[in-house]
Amino acid sequence: MRLRKEADDLQEEEILLIARVSDALAHPARIKIYRYIMKCNKERTPVCNKDVVAAFDYSQATISQHLKKLADSELVKVQKNDKFSMYYANFGVLVKYLDATKKFE
């Protein structure tokens, strides 16, 4: 019985992950911002809020709201560096999300 309960817990975690990440990626601007952060990270270029604002035609407040949503979903990690927040794509969460969606039937 205990093994079945643990399997159910894992399934519930995957369901919550799918819901959380899908919600974060439900806006086209957030997909574009996330791809931008991934690209910069692959090139080993640091990304802060002003970089994202400069790359897109959105206000700073709008960018901040989108970055918060991405951070809340754990797709993006935020690291404080003096007065700046640096953004890093969390590929682990993206891989878990993609794996969980493959199981979705």
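Because the structure is predicted, anything quoted here is derived from the model rather than measured. All residue numbers refer to position in the chain's written sequence, counted from 1. Selection of residues for local features in this predicted model requires a pLDDT of at least 70, selection of side-chain atom pairs for listing and counting requires 80 or more, and totals for whole chains, interfaces and linings are taken over all residues. Note that the side-chain values use all heavy atoms of the structure and ignore hydrogens as well as water.

Bringing the nonpolar core into the picture now. In this structure, Ile33, Tyr34, Ile37, Val52, Leu67, Leu70 and Leu75 are the most contacted members of the largest nonpolar core, which totals 23 residues. A helix here means a DSSP run of H or I that spans at least four residues, while a strand means a run of E at least two residues long, and both kinds are numbered starting from the N terminus. With five residues, the top contributor of residues to this core is helix H2 (residues 28-42). Setting aside chain neighbours within four positions, we find leucine 67 in contact with Ile33, Ile37, Asn49, Val52 and Tyr87. Only buried residues count toward a nonpolar core. Its members are Ala, Val, Leu, Ile, Met, Phe, Trp, Tyr and Cys residues joined through side-chain atoms within 4.5 Å. Partly exposed residues are those whose accessible area sits between 20% and 50% of the maximum for their type, while under 20% is buried and over 50% is exposed, using a 1.4 Å probe and protein chains only. Contacts were defined at the residue level, with two residues in contact if any of their heavy atoms lie within 4.5 Å.

Let us now look at the packing of aromatic side chains. Between the rings of Phe, Tyr and Trp (Trp by its six-membered ring), a pair exists once the centres lie within 6.5 Å; its type follows the angle of the planes, with under 30 degrees stacked, over 60 edge-to-face, and the other angles tilted. A full pass over the atoms with the stated rule returns two aromatic pairs. Relative to phenylalanine 56, the ring of tyrosine 36 lies with its centre 5.6 Å away and its plane at 80°, an arrangement referred to as edge-to-face. In this pair, tyrosine 36 is assigned in helix H2 and phenylalanine 56 in the loop between helix H3 (49-55) and helix H4 (60-72), connecting sequence segments 20 residues apart.

Moving on to unusual backbone geometry. Note: most residues except glycine have negative phi, and most peptide bonds are trans. Non-glycine residue glutamate 74 carries a positive phi angle of around 75°. Here glutamate 74 is to be found in the loop between H4 and strand E1 (76-81). A relative accessible area of 41% places glutamate 74 in the partly exposed class. Here aspartate 82, not a glycine, exhibits a phi torsion of approximately 55°, which is positive. Relative to the helices and strands, aspartate 82 is located in the loop between E1 and strand E2 (84-89).

Another point: the confidence of the model for the chain. As a general rule, the predicted coordinates of low-pLDDT regions are not to be interpreted in detail. Averaged over all residues, the pLDDT of the chain is 90; the fraction at 70 or higher stands at 90%. Mean pLDDT across the elements of the chain ranges from a minimum in helix H1 (residues 2-24), with 76, to a maximum in H2, with 97. pLDDT runs from 0 to 100 and stands for how confident the predictor is about each residue.

Pairs of strands are assigned from DSSP output, requiring at least two bridges between the strands. By the bridge criterion, six bridges tie E1 to E2 in an arrangement that is antiparallel. By the bridge assignment for E2, asparagine 81 is matched with phenylalanine 84. From the end of E1 to the start of E2, which pair antiparallel, there are two residues, and aspartate 82 there has a positive phi angle of about 55°.

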